[in-house]
Amino acid sequence: MAAITEFLPNEYGYVVLVLVFYCFLNLWMGAQVGGARKRYNVPYPTLYAIESENKDAKLFNCVQRGHQNSLEMMPMYFILMILGGMKHPCICTGLGLLYNVSRFFYFKGYATGDPMKRLTIGKYGFLGLLGLMICTISFGVTLIRA
């Protein structure tokens, strides 16, 4: 354990906690999709409902898409947090919280059935990602110059 704490800044623990918070958010979104499956009668293994077969297809698909998009973005978000946070743990913690909160509103907006509502507050997550990219670039440049 001593080797890890010598390598990582003490504040890196905040980065870890923000990532775990996102894991809980992801589980919650998955549960919302499960509830939508029952509510809109979309059985497994159907990923997306077909509008000609299900009158509530768009409503279900919007819930599903909100979660799916979050899953698609998760690897990039995690790697940017993990790497950028090694040099800038406090900045990445703040940017990660911005991303997490905006993802919640992205999902809630999408789940209304009107895809444009995902961007009302959800669009600010992209600012969080941009900031994380800058922090990660800074970390990479530091490694090259060392």
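Going by an unreviewed UniProt entry, the chain carries the name Glutathione S-transferase 3, mitochondrial and comes from Arabidopsis thaliana x Arabidopsis arenosa. Turning to the chain, the UniProt annotation filed under Subcellular location (unreviewed entry) states: "Mitochondrion outer membrane".

Q: Help me understand the packing of helix α2 (residues 12-39) against helix α4 (residues 89-110) in this model?
A: Where α2 contacts α4, the axes come no closer than 8 Å and their chain directions differ by 10°. Of the possible angle classes, the one that applies to α2 and α4 is roughly parallel. Across the interface between the two elements, Y12, Y14, V15, V18, F21, Y22, L25, W28, M29 and Q32 from α2 touch P89, C92, T93, G96, L97, Y99, N100, R103, F104, F107 and K108 from α4. When the residues that make up the contact of α2 with α4 are grouped by side-chain class, the tally is 15 nonpolar, 4 polar and 2 charged.

Q: Sorry if this is basic, but what is going on with the packing of helix α3 (residues 57-87) against helix α5 (residues 125-145) here?
A: Helix-helix packing: each pair is described by the crossing angle between the helix axes and the interaxial distance. Across the interface, α3 lies against α5 with an axial gap of 8 Å and an inter-helix angle of 45°. Accordingly, the angle class assigned to the pair α3 and α5 is oblique. In this structure, α3 meets α5 at a crossing whose hand is left-handed. On α5, the residues touching M73, M76, Y77, L80, M81, L83, G84, M86 and K87 of α3 are F126, L129, L132, M133, C135, T136, S138, F139 and T142. Taken together, the residues of the contact of α3 with α5 break down into 13 nonpolar, 4 polar and 1 charged.

Conventions used here
Residues numbered from 1 in each chain as written. Predicted model: local features only at pLDDT ≥ 70, side-chain atom pairs only at ≥ 80, totals over all residues. Heavy atoms only, no water. UniProt positions renumbered as here; feature names shortened; annotations may be inferred. Axes fitted to C-alpha atoms, helices over the stretch in contact; angles between N-to-C directions. Helix = DSSP H or I, 4+ residues; strand = E, 2+ residues; numbered from the N terminus. Parallel < 35°, antiparallel > 145°, perpendicular 65-115°, else oblique. Contact = heavy atoms within 4.5 Å. Nonpolar A, V, L, I, M, F, W, Y, C, P; charged D, E, K, R; others polar. Left-handed = near helix turned anticlockwise from the far one by under 90°.

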